[in-house]
Amino acid sequence: MKWPTFVTATAVTVSLTGCGFFGGDEEEAPGAAEVSTPAATATEATAELEEAPALEQEPAAAPATEASTRPAPTTTAVDRPWTPTHTGTVDPGMTREQVIAVWGEPLVERAAENWVYLYFRNGCEVTCGTDDVVLLQDGQVVDAIVRGQGHTYSGISSSPPGRTAEPTPPTGAIG
């Protein structure tokens, strides 16, 4: 038996044999004293459904997604005031320990293969779009993205403050 037929047959069975109440408080429903097995009732209901003319069914409404039911945010993200307690200049070639000695413990540290990324609070995470980030390759500083007051980088940053973001062309491009 197919699932929609089973569900319909079950609904018919429940409505027919349910509680014996068919509109009158005092009267007993006709045939209420009869006892029938659920299998027989379901078989009879299925037979009735197969004989009945097919009805057009409306398509079921799509279930609401989490995104459509989630309330819209009531506040916008804003920078939180921040005064650095560790300030100074990070130089190319410094080690992780030397960077931490200058700027303090990072908020987050990530590593992938021979790269380490140290993320530091800068007070303009929302307006700048990023934390201050120091990139180490093979244990030495090779780049930094610095926006925070009191943090400086003596090397040439791949993202100086005034630079507009643009795609980096692939190396070895045929042109």
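Report on the accompanying structure. (Residues numbered from 1 in each chain as written. Predicted model: local features only at pLDDT ≥ 70, side-chain atom pairs only at ≥ 80, totals over all residues. Heavy atoms only, no water.)

### Looking at helix H4 (residues 96–103)
Item 1. For H4, the full list of buried residues reads Val99, Ile100 and Trp103. Burial along H4 is one-sided: seen end-on, the buried residues are contained in an arc of 100 degrees. Exposed positions of H4 whose direction lies more than 90 degrees from the buried face are Glu97 and Ala101.
Item 2. Its buried side turned inward, H4 meets strand E1 (88–90), strand E3 (115–120), strand E4 (132–137), strand E5 (140–145) and strand E6 (151–153). (Buried < 20%, exposed > 50% of the residue type's maximum accessible area, 1.4 Å probe, protein only. Helix = DSSP H or I, 4+ residues; strand = E, 2+ residues; numbered from the N terminus. Arc of directions from axis to C-beta. Contact = heavy atoms within 4.5 Å.)

### Thoughts on the pairing of strand E2 (residues 108–112)
Item 1. The pairing of E2 with E3 spans 5 bridges and is classified as antiparallel. Bridge pairing in E3 places alanine 111 opposite valine 116.
Item 2. Between E2 and E3, which pair antiparallel in sequence order, lie 2 residues; one of them, glutamate 113, sits at a positive phi of approximately 55 degrees. (Pairing = 2+ DSSP bridges.)

### Re the sheet that holds E3
Item 1. The 4 strands are arranged E2-E3-E4-E5 in an open sheet whose pairing can be described as antiparallel. Looking at the sheet topology across the chains shown, the edges are occupied by E2 and E5. Strand-to-strand twist across the sheet, computed as the mean angle between neighbouring axes with direction ignored, equals 20 degrees. (Axes fitted to C-alpha atoms, helices over the stretch in contact; angles between N-to-C directions.)

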